[in-house]
Amino acid sequence: MGSGGHEDSVEHAAPPSDAAVTDVSMDWLLDSLRLVREINDWANARRRQDPSARRTKEALAHATRELELIVESYGLSLPEVETVPTHSRLIDPPGPEQDSSNERDSTHSNGHIDPGQTQLAPSTDGEHVPIITPEEVGSASPRIRIEDIDHQAVLAIKRLRRYGYKGYLVGGCVRDLLLGITPKDFDIVTDARPEEVKSVFRNSRVIGRRFRLVHLYYRGGKVLEVATFRASIPNDDEDDGSGDLLIRRDNVFGSEQEDAKRRDFTINALFYDPENGRIIDHVGGLHDVDARIVRMIGDPNIRLREDPVRIIRAIRFRAKANLTLENELNHCLSKYVEELLRCPPARLLEETLKLLRMGHAEASFNEMLTHGVLGALLPEIQAFIDGRFGLLAGTSIMEHRDPIADIRAHLRGLDQVIARSPVSDDVVLGALMYPLADAIMSLADTKGRDRNRCLTELLSEIGIRIQITRKLSEQLRQSFSAQRYFHSEGPNGHRRRRRISPSSLMRKVFFPAALRLFEIHQRAIEAPLDDVDMWEARARDEGISLNGQLFSNTEPRLNGTSTRPRRRRRRGHRRPNGTPGPEH
C-alpha cells in the first residue's frame, strides 16, 4: 500500500488473484485484521497529540480499511472477524524466532484461548507448528466472584486496559480466592513499565531498587501494588564462580509467559482477568490448587538457592491453607535452611512477621521446628527450647517450664487475638518471645539484676539475624516490662503495689501493645480475662484507642479547641532590684 493517495487506493482495491489466495492463509489474514484494529485502538487511546502521532493514526486507519476490503473480497462479513479467536499475544510474522527475554510484549490483546485449545502458526519452512495455549477457565462456570474482588483493583485494571496495556490480578489474591480464603491484598501485574504505570495513575509512586514496582494510594490507607511482567535472570548472569545463585537484582522485564514461569510456586503464578472472568494458567497452578499442593516452579535445588526466603514462604502457604508440600520441595526446605543467613535481615523480618500475623502462627511455628527454620532465624529461642540458653541453663527457672508448650500456647493466643482485630509488629514478635522474656525477667528478679538491661541484651542478640529496629526493640522492652502492672493481684493473692498510676500507664505509647500481650498471656495460661476487660473499660473511659497508638483525649475537638491540659503560663519574675522581668 502506498503512502499517498489513500482514498484512491481504497476505492480501486481489487480482489486478489487465485494465486494470491493460495499464498495467503485465511486465518492469518483474519488475525492480522484483528491485531491491526487493536493497535489502532491503542493508538487512539494515547494521550500525546503530536504531528507524528497523528500521521501514525492515519496510516493505521488506512491499513485497517484496506485489510477490511481484502476480507470482504473473500466473501466474509466483517462481524465474523470479531469472533475469530486469536493468541493472547501478537502473532509473530513468518521469520526466525526472536529472543524476547529482554523485550516486553508491547501489544494489548483482549483475545483469549479456549481451555486446552492448540493453534497453528506459520513457520519459516511453510509448515505449521503447534502453539500450546495456557489453560483457562471460562466465565460460563466462574470460580471467582467479582463481588469478592476489591473494587479499586478492578478499576485500576480497566484503566490500564483503556490506555492499551494488559492488566491482571496475580499471585496470592487469585490463590486465596480459589481456596475460599478472603485475600488481604490484591496485586496487579501488567506489561506497562513502572514509569508508564506512573503516567497512567496520578495517585502512584515508583518504589524499590531490587524489584521496581508501583504503589497506588487510596483513601483510608489502602495501597495497591502494580508490578511489570518480568523475565528470569539466567543463572550464569548471577553466578560469580563460587556457586552463589542468590538473586540480587530482578528488573529484567519480559512477557506474560516469562513472568508466570519466573515466580516461585505454581499456585502463585495464576493470572485472573476480571473483565471476562478467566483464569490464565501457564504453569499448571490450577491443578495444584485443586490438589492443594505447594509445588516449586523449576528445580527446588536451584530456586531455593536463588532466593532462600522462598523457604519461609513455602511454610507460610503450607500453614495458611493446610496445603501439602510437594515431596522434593519438602526435602529441600531442610537441606537449604542455612541459606537464609545470606538474605538481607530486613527481608527476613518482613517474612517472619507475615508468617506469624496471618492467624496461623501456631501451625507456622510447628513447621519452623520441623524444617529447622527457627534455629536459623532465631537461635536464641531454639536454644531456649533445647534447654541450653546461656543465662537460663542449669537454673531452677527452667525446672517447671515446657518451652515448646509455652510458645505454642502464646502463639495460639496470638491467633485468637488476630481473629478479632489486627495487631502491631511488636505484639507479633512479643507473642513468640514472651516465654523466653518472662524467664529472663524471672531470673533477673531472682539474682537482683536489672530487668531492662537483661531484656535489652536479649533483643540485641535476636536483632542480629532479623533486623529489629531500635524503635521496635524499645517497644518490645517496654511492653514486656509493663506486664507486672496489669495484674490486679500479686503472686500470693495480695493487692499488687504499683509504682505507676493506671492513668499514667494508659497514656504511655506502648500501652496498647502491652495490653494485647497481657491478653495473649492470659489466654495462653487459660486464665480469666477479667483484668483485661477491666483495663479495656478504663481505656474507653479515658478515651484511649486500643487499635493503635493514637489517644483521642489528646486530639483537637471539632470546634477547634483541644482537650489537652493547658499549660500554666509562667509569670514574669522580678529581679532582685525590684525591676520587672522580660514579660513586663
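The residue numbers shown here count from 1 along each chain, following its written sequence. At least 70 in pLDDT is required for a residue's local features to be given in this predicted model, at least 80 for side-chain atom pairs to be given and counted, and no such filter applies to totals for whole chains, interfaces and linings, which use all residues. To obtain the side-chain values, all non-hydrogen atoms of the structure were included, while hydrogens and water were left out.

Chemist: How should I be thinking about the overall build of the protein chain in this particular structure?
Modeler: Tallying secondary structure elements over the protein chain gives 25 helices and 12 strands in all. Looking at the protein chain residue by residue over its 584 residues, the buried ones come to 47%. Here, two residues are considered to be in contact whenever any of their heavy atoms come within 4.5 Å of each other. Put simply, of all contacts in the protein chain between residues at least 6 apart along the chain, 67% involve residues at least 24 apart. Only carbon and sulfur atoms are counted for the fraction: they give 48% of the accessible area of the protein chain, which is about 30,800 Å². Going along the chain from the N terminus, every DSSP run of H or I of four or more residues is numbered as a helix, and every run of E of two or more is numbered as a strand. Burial status follows relative accessibility: with a 1.4 Å probe on protein chains alone, a residue under 20% of its type maximum counts as buried, one over 50% as exposed, and anything between as partly exposed. Per-residue and other accessible areas follow the Shrake-Rupley method at a 1.4 Å probe size, with only the shown protein chains counted as cover for residues.

Chemist: Sorry if this is basic, but what is going on with the nonpolar core here?
Modeler: Among the nonpolar cores identified, the biggest contains 106 residues, and Leu169, Leu377, Ile381, Leu392, Leu414 and Phe480 are the most heavily contacted of them. When residues in this core are grouped by element, the largest group, 14 residues, is from helix α20 (residues 425–447). Leave out the neighbours within four places in its chain, and Phe480 touches Gly430, Met433, Tyr434, Ala437, Met441, Leu455 and Leu517. Ile500, Phe511, Val532 and Ala539 belong to the second largest nonpolar core, which has 16 residues in total. Buried Ala, Val, Leu, Ile, Met, Phe, Trp, Tyr and Cys residues that are joined via side-chain atoms within 4.5 Å together make up what is termed a nonpolar core.

Chemist: How do you make sense of the confidence of the model for the protein chain when you look at a structure like this?
Modeler: Where the model shows low pLDDT, its predicted coordinates should not be examined in detail. Per-residue confidence from the predictor is reported as pLDDT, a score between 0 and 100. Predicted confidence across the protein chain gives a mean pLDDT of 76, with 67% of residues reaching 70 or more. Here residues 1–13 is a poorly scored stretch, pLDDT under 50, and it has 12 contacts once near neighbours within four places are set aside; other chains count. Here residues 236–242 is a poorly scored stretch, pLDDT under 50, and it has 9 contacts once near neighbours within four places are set aside; other chains count.

Chemist: Help me understand the packing of α20 against helix α24 (residues 511–524) in this model?
Modeler: Only C-alpha atoms enter the line fits that serve as axes; for helices the fit covers just the stretch in contact. Angles between N-to-C directions range over 0 to 180 degrees. Remark: α20 packs on α24, axes separated minimally by 10 Å, with the N-to-C direction vectors making an angle of 40°. Crossing geometry of α20 relative to α24 is assigned as right-handed. Residues Asp426, Val427, Gly430, Ala431 and Tyr434 of α20 form the contact with α24, whose participating residues are Ala513, Arg516, Leu517, Ile520 and His521. Throughout, the ten residues Ala, Val, Leu, Ile, Met, Phe, Trp, Tyr, Cys and Pro are labelled nonpolar, Asp, Glu, Lys and Arg are labelled charged, and all others, Gly among them, are labelled polar. A per-class count over the contact of α20 with α24 returns 6 nonpolar, 2 polar and 2 charged. Here a crossing is taken to be left-handed if its near helix is turned anticlockwise relative to the far helix by less than a right angle, and right-handed if that turn runs clockwise.

Chemist: Help me understand the pattern of salt bridges, please; the structure alone is not making it clear to me.
Modeler: Side chains that carry opposite charge are capable of pairing whenever their charged atoms lie near each other. Any carboxyl oxygen of Asp or Glu within 4 Å of a side-chain nitrogen of Lys or Arg constitutes a salt bridge here. One pass over the full model with this rule turns up 33 salt bridges. The shortest N-O distance in the salt bridge between Asp148 and Arg145 comes to 3.0 Å. For Arg145, a relative accessible area of 52% translates into the label exposed. With a closest N to O distance of 3.5 Å, Arg310 and Glu306 form a salt bridge.

Chemist: Looking at this structure, I do not really get helix α15 (residues 345–357). What am I missing?
Modeler: An α-helical turn contains 3.6 residues, so a residue and the one three or four places further along point in the same direction. Between its first and last C-alpha, α15 extends 18 Å over 13 residues, near the 18 Å set by a 1.5 Å rise per residue. Among the residues making up α15, those that are buried are Leu348, Leu349, Glu351, Thr352, Leu353, Leu355 and Leu356. For α15, the elements touching its buried residues are α13 (309–321), α16 (361–371), α17 (373–377), α19 (403–420) and α20. Gly359 lies just past α15 and shows a positive phi near 95°. By this rule, a helix spans an expected 1.5 Å times one less than how many residues it contains.

Chemist: Even after reading the chapter, I still don't get the side chain of Glu326, so can you show me in this structure?
Modeler: Within the fold, Glu326 resides in the loop between β12 (324–325) and α14 (327–335). For Glu326, which is buried and forms no salt bridge, the nearest opposite charge comes from Arg295, at a distance of 4.5 Å. Excluding residues within four positions of it along the chain, Glu326 makes contact with Ile293, Val294 and Arg295. Residues scored as positive are Lys and Arg, those scored as negative are Asp and Glu, and His as well as the terminal groups of each chain are ignored.

Chemist: Looking at this structure, I do not really get the packing of aromatic side chains. What am I missing?
Modeler: Aromatic ring pairs: the centre-centre distance and the angle between the two ring planes describe each pair. Each Phe, Tyr or Trp ring (for Trp, its six-membered ring) is paired with any other whose centre lies within 6.5 Å, and the angle between the two planes then decides the class: stacked below 30 degrees, edge-to-face above 60, tilted in between. The full count for this structure, using the stated rule, is 8 aromatic pairs. With a centroid separation of 5.3 Å and 80° between ring planes, the pair formed by Phe486 and Trp535 is classed as edge-to-face. Taken together, the residues span a long stretch of sequence, with Phe486 in the loop between α22 (470–481) and α23 (502–506) and Trp535 in helix α25 (residues 530–542) at a distance of 49 residues. Of the two residues, Phe486 and Trp535, both sit in the buried class. Here Phe511 and Trp535 contribute two aromatic rings whose centre-to-centre distance is 6.1 Å and whose plane-to-plane angle is 55°, an arrangement assigned as tilted. Taken as a pair, Phe511 in helix α24 and Trp535 in helix α25 lie far apart in primary sequence, 24 residues in all.

Chemist: Explanation requested: helix α7 (residues 172–179) in the structure shown.
Modeler: Taken across its 8 residues, α7 has 7 buried, putting it largely inside the fold. All of the buried residues along α7 are Cys173, Val174, Arg175, Asp176, Leu177, Leu178 and Leu179. Contacts from the buried residues of α7 go to β4 (168–170), β5 (187–190), β9 (270–273), β10 (278–281), α11 (285–291) and α13. A positive phi of about 80° marks Gly180, the residue just after α7.

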